[in-house]
Amino acid sequence: PSVVIIGAGIAGIAAARALQDRGIEVTLLESSARIGGRIHTDKSSLTTPGGTAVPVDMGASWIHGATPGHNPIATAALDVLQLATHQTAGEGSLLYDHDVQRGFALYTRDGVRIPRDTVRQFESWFRAAVEAERRDARYESDASLEDTINRMVAEHKLQGSVDEEILGFYVCRIEGWFAADSSRISPKSWIEEEFHEGGHLLVSKGYSQLVESLARGIDIRLGHRAVRVTQQMPGLGICSKPHVQVSCKNGIEIRADAAIVAVPLGILQSNVIDFQPELPEWKRDAISSLEVGHQNKIALLFESLFWDEDAEFLGCATGAPRGCSYFLSLYPTLRRAVLVYMPVGELSRRIERMGDEEATAFAMEKVRAMLPGAPDPVSSLISRWSLDENFLCCYSNDPSPNGSDLFERMAMPASELLYFAGEASSPDFSGTVHGAYESGVAAAEQIVESLS
Ligand SMILES: Cc1cc2nc3c(=O)[nH]c(=O)nc-3n(C[C@H](O)[C@H](O)[C@H](O)COP(=O)(O)OP(=O)(O)OC[C@H]3O[C@@H](n4cnc5c(N)ncnc54)[C@H](O)[C@@H]3O)c2cc1C
């Protein structure tokens, strides 16, 4: 039997591996000139004046759930490949990627550093308020995270203006996690989110090492953009065996017994791929009802360190989440003076339409709001995920206040010939690397079952 897979991100690669291990012939089509998709370590653009390149992840950075055996990505990175990693947060951290037990530097809008104890006190307040929400399930009547936060503030009195500023930063980080503004985040998804065990890890020399290793030995065709997927179904008066034919923009056509579509949600929503026959209504509805989130990275390399060397992150807490900023410091991981700015939602969309110079200047304005007199970077790099024709999004977001079956429907095959994978097809872990990986393995298992 043979399977054609569209999209060489982690989901497509995981599916290909799983099928090939079962003796199934696989062809993996990839529109761009590289594998890995939203896992992308840029190894050449960020360079020191001496010409040394510093690797930086412009897509996924963290392994969420560091315990091998629980999270397949942790198993691959730690047990199999033994990659060097750096832990930024333990379990149960409210900022997701970080916890405030480790180093951080948070500033007010006036550039005054907020004492650690003030942040930790705020954290206790926030944790208690979130626990009360969880216990009483009051968020169930809220339309969005924005409503839940406003109610939490009204019900559990905040101490003062600095706390309001810190709250804005926390909301800014939650928005980063969902790649969406708080008015579009489901309170249920936030409060009830489940994690793999073990805290959060950065892959020191870059996430791409993982995909490169997984992809070894797979027949991957780069520069093959699928534009049409035709199913020759049984019972349509066609004599030949049921099969799928994928037509690429470069004129190449691949025929196989089944296909897995593992492209980003942004691509499915934009109708770049023409499905013949049309996808069933329940699938089209799931594709259009999910939202695409936006997030980008601006990596800034400086000649030397001018911030707290132990800080895992720097942030400006201004009260309104949209005015806040968040910078990951790669100094603890790489011993290089690199800050990675991560704007989200509409701000991210606005920044990606700027030219490189303007976007770098925008990020530097945010750095100087915290650290006046900060020098210009020696090198910078900007991602533009939502403008890139291979992605058209950062990752998916289900804004339904009380949850829905949209991710489940995304994961269901459209027919016996046509299967789906990718982060948006992960009912439990959408928007993550491990969710995408597991969706690929699940699609492969569905095919193996249907072929046997
Ligand atoms: C800025 C950013 C930060 C993130 N941070 C984290 C993080 O820290 N931790 C984490 O777990 N997750 C993170 N994520 C999410 C994670 O990167 C994704 O969930 C995951 O990599 C998605 O994998 P995928 O295989 O579903 O899709 P992709 O990796 O997008 O793969 C899909 C592939 O399909 C290709 N393609 C598109 N159209 C076509 C076509 N017509 N024909 C053929 N090929 C096509 C694309 O080029 C791409 O290679 C982040 C994502 C972004 C963008």
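Because the structure is a prediction, the values reported are computed rather than measured.

A. Geometry of the site of the ligand. Around the ligand lies a shell of 38 residues, among which Glu 30, Arg 38, Trp 62, Glu 423 and Val 433 are the nearest. Residue Ser 61 places a main-chain N or O atom 3.0 Å away from an oxygen atom belonging to the ligand. One of the side-chain nitrogen or oxygen atoms of His 64 is found 3.2 Å away from a nitrogen atom of the ligand. Relative to its free-state accessible area of 1,000 Å², the ligand is covered by the protein chains to the extent of 98%. Partitioned by chemical class, the residues of the shell around the ligand number 21 nonpolar, 13 polar and 4 charged.

B. Local environment of the domain arrangement of the protein chain. Here the protein chain is described as being made up of domain 1 (2-39 + 207-291 + 397-451) and domain 2 (92-194 + 295-382). If you average the C-alpha positions of domain 1 and of domain 2, the two centres end up 34 Å apart. On the domain 2 side, the residues contacting the 9 residues of domain 1 number 11 residues. Regarding the contact of domain 1 and domain 2, the summed buried area is about 780 Å², with carbon and sulfur atoms giving 43% of it.

C. Representation of the sheet that holds strand β16 (residues 298-301). Spatially, the 6 strands line up as an open sheet ordered β7-β17-β18-β19-β16-β20, and their pairing is mixed. Looking at the sheet topology across the chains shown, the edges are occupied by β7 (104-108) and β20 (379-382). Geometrically, the sheet is characterised by an average inter-axis angle of 20° between neighbouring strands, direction not taken into account. Its contacts with the sheet put helix α12 (residues 356-370) on β7, β16, β17 (313-317), β18 (325-329), β19 (338-341) and β20, and the angle it makes with β16 is roughly 70°.

D. Quick look at helix α2 (residues 72-80). Turning to α2, its buried residues are Ile 73, Ala 74, Ala 76 and Ala 77. For α2, the angular spread of buried residues about the axis comes to 165°, placing them on one side. In the core, the buried residues of α2 are packed alongside α1 (10-21), β5 (62-64), α7 (208-214) and α14 (433-451). Looking at where α2 begins, the residue whose side-chain oxygen comes 2.9 Å from the main-chain nitrogen of Ile 73 is Asn 71. Remark: Gln 82 follows α2 within two positions and exhibits a positive phi of approximately 50°.

E. Here's a closer look at the pairing of strand β12 (residues 253-256). Side chains Ile 254 and Ala 256 project from β12 onto a buried face, and the interleaved Glu 253 and Arg 255 project onto a face without burial. Of the pairings in the sheet, the one linking strand β11 (residues 243-248) to β12 comprises 4 bridges and is antiparallel in character. Across the sheet, the residue bridging to Val 246 is Ile 254, located in β12. Hairpin connection, β11 to β12: the antiparallel pair is bridged by 4 residues, and Gly 251 has positive phi, about 95°.

F. Highlighting the environment of Ala 66. Counting through the fold element by element, Ala 66 comes out in the loop between β5 and α2. Ala 66 gets classed as buried once you look at its relative accessible area, which sits at 11%. As for Ala 66 and Asp 181, which are separated by 115 residues in sequence, their C-alpha atoms are 27 Å apart. Setting aside its immediate chain neighbours within four residues, Ala 66 contacts Ala 74, Leu 78, Glu 197, Gly 198, Gly 199 and Leu 201.

G. Structural detail: the pattern of salt bridges. Under the definition given, this model contains 27 salt bridges. Between Glu 212 and Lys 43 there is a salt bridge; the shortest N-O distance is 2.9 Å. With Glu 212 in helix α7 and Lys 43 in the loop between β3 (41-42) and β4 (56-57), the pair connects residues that are 169 residues apart, well separated along the chain. By relative accessible area, which is 35% here, Glu 212 ends up partly exposed. For Lys 43, a relative accessible area of 43% translates into the label partly exposed. With a closest N to O distance of 3.1 Å, Asp 99 and Arg 102 form a salt bridge.

H. The arrangement of the UniProt feature "binding site: substrate" (unreviewed entry) in the protein chain in detail. Taking the UniProt record as the reference, the feature "binding site: substrate" (unreviewed entry) is found at Tyr 341. For Tyr 341, the position within the fold is in strand β19. Here Tyr 341 is in contact with Asn 296, Lys 297, Ile 298, Ser 325, Tyr 326, Phe 327, Leu 347, Ile 351, Phe 362, Ala 363 and Lys 366, once residues within four sequence places are set aside.

Criteria and cut-off values
- Residues numbered from 1 in each chain as written.
- Predicted model: local features only at pLDDT ≥ 70, side-chain atom pairs only at ≥ 80, totals over all residues.
- Heavy atoms only, no water.
- Near = heavy atom within 4 Å.
- Polar contact = N/O pair within 3.5 Å; in protein donor to acceptor, adjacent residues only side chain to side chain.
- Areas by Shrake-Rupley, 256 points an atom, 1.4 Å probe, with all protein chains shown as cover.
- Nonpolar A, V, L, I, M, F, W, Y, C, P; charged D, E, K, R; others polar.
- Domains from an automatic or database assignment.
- Contact = heavy atoms within 4.5 Å.
- Buried area = accessible area lost by both parts, 1.4 Å probe.
- Pairing = 2+ DSSP bridges.
- Helix = DSSP H or I, 4+ residues; strand = E, 2+ residues; numbered from the N terminus.
- Axes fitted to C-alpha atoms, helices over the stretch in contact; angles between N-to-C directions.
- Buried < 20%, exposed > 50% of the residue type's maximum accessible area, 1.4 Å probe, protein only.
- Arc of directions from axis to C-beta.
- Salt bridge = Lys/Arg side-chain N within 4 Å of Asp/Glu carboxyl O.
- UniProt positions renumbered as here; feature names shortened; annotations may be inferred.

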